[in-house]
Amino acid sequence: MNKKIFGSSEKLAEAFAEVFEKICDEYILKIGIVNIALSGGTTPKLFFEILSKKYIDKLDWSKINFYWADERCVPPESDESNHGEADRILFSKIHSKKNVYPVNGNNDPVNEAVRYSELLEKNLPFKNNFPRFDIILLGMGEDGHIASIFPDQMNLLTSEKICEVAVHPVSQQKRITLTGIVIKNPDRIFFLVTGRSKAEVVKEILKKKNIFEKYPASHITPTHGKSEWYLDSEAADLL
Ligand code: 6PG
């Protein structure tokens, strides 16, 4: 697996923002649009902050469609909301928001999983019979979860649905998540992982040590595209 290691989470987010701009420009030049799935978490938020500070005038936002890899079933006003946080940090600073497609955290979870699946089916191109994002941005939890696919819900990795309802194993908070097949389908899969608390799991996954397959992140290998791990030196400390 391709990996890049940076001296700090800020340097990682700066570097990823540069790559993000380059990839978006390529897709917009080639096909006129780019479809992106975002995750929540501290590292993606750092990335949003850099975009809001340095890229507002550099990207053609009207041609970038933003979706979510997962969302907490909470109102957007909540600081728990992935869309809410991204909107407060980034999208509130961009004039055209018509191409931001949040999960509706206020909706009944089962109904919202269906609604969001139908939206993705309608809006996205297909590959391997599933909607295909151009880019997906994943964080990773200390338990090796990605999006809202947790180690105690591995069935969501192989579900034939596009979105499913997940439950946070500790808080029991309901989530809407893309399934593993959709998460593996993009051209470019980026894992943005920072912090010493992730180092052991990162080592086990990247070195395929011990029972690394118990971590959902270890199952996210691209069906046809490319995956890259962006790590800060703390998360990469045991590599
Ligand atoms: C979520 C995220 C989740 C997140 C990881 C990493 O909704 O919680 O999508 O998958 O990316 O938990 O979060 P941190 O970077 O904050 O550790």
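To be clear, the structure that these remarks concern was listed above.
The shown structure was predicted, so the numbers you read here are calculated from the model rather than taken from an experiment.

(A) Looking closely at the sheet that holds strand S8 (residues 163-167). With antiparallel pairing, three strands are arranged side by side in an open sheet as S4-S9-S8. Lying at the two open borders of the sheet, with one neighbouring strand each, are strand S4 (70-72) and S8. Strand after strand, the sheet turns through a mean of 25° between neighbouring axes, direction not considered. Inspection of the sheet shows S4 paired to strand S9 (residues 174-178) by three bridges, in the antiparallel sense. Bridging from a neighbouring strand, Asp70 pairs with Thr177 of S9. Relative to the sheet, helix H4 (residues 109-123) contacts S8 and S9, its axis offset from that of S8 by approximately 145°.

(B) Summary view of the pattern of salt bridges. Counted according to the given criterion, the structure contains 15 salt bridges. For Glu85, the salt bridge goes to Lys45, with nearest N and O atoms at 3.4 Å. Of this pair, Glu85 sits in helix H3 (residues 82-89) while Lys45 sits in helix H2 (residues 42-54), and the two are 40 residues apart along the sequence. Residue classification places Glu85 among the buried positions, given a relative accessible area of 15%. Close ionic contact of Arg132 with Asp187 constitutes a salt bridge, the shortest N to O distance being 3.2 Å.

(C) Highlighting the site of the ligand. As a matter of local geometry, the ligand sits amid 16 residues, with Asp70, Arg72, His145, Ala147 and Lys198 nearest to it. Asp70 places a side-chain nitrogen or oxygen 2.7 Å from an oxygen atom of the ligand. With respect to the ligand, the side chain of Asn82 contributes an N or O atom lying 2.8 Å from an oxygen atom. Here the ligand has 420 Å² of accessible area as a free molecule, and 87% of this is covered by the chains.

Parameters and conventions
Residues numbered from 1 in each chain as written. Predicted model: local features only at pLDDT ≥ 70, side-chain atom pairs only at ≥ 80, totals over all residues. Heavy atoms only, no water. Pairing = 2+ DSSP bridges. Helix = DSSP H or I, 4+ residues; strand = E, 2+ residues; numbered from the N terminus. Axes fitted to C-alpha atoms, helices over the stretch in contact; angles between N-to-C directions. Contact = heavy atoms within 4.5 Å. Salt bridge = Lys/Arg side-chain N within 4 Å of Asp/Glu carboxyl O. Buried < 20%, exposed > 50% of the residue type's maximum accessible area, 1.4 Å probe, protein only. Near = heavy atom within 4 Å. Polar contact = N/O pair within 3.5 Å; in protein donor to acceptor, adjacent residues only side chain to side chain. Areas by Shrake-Rupley, 256 points an atom, 1.4 Å probe, with all protein chains shown as cover.

Everything listed here is a matter of coordinates, which is why it stays silent on function.
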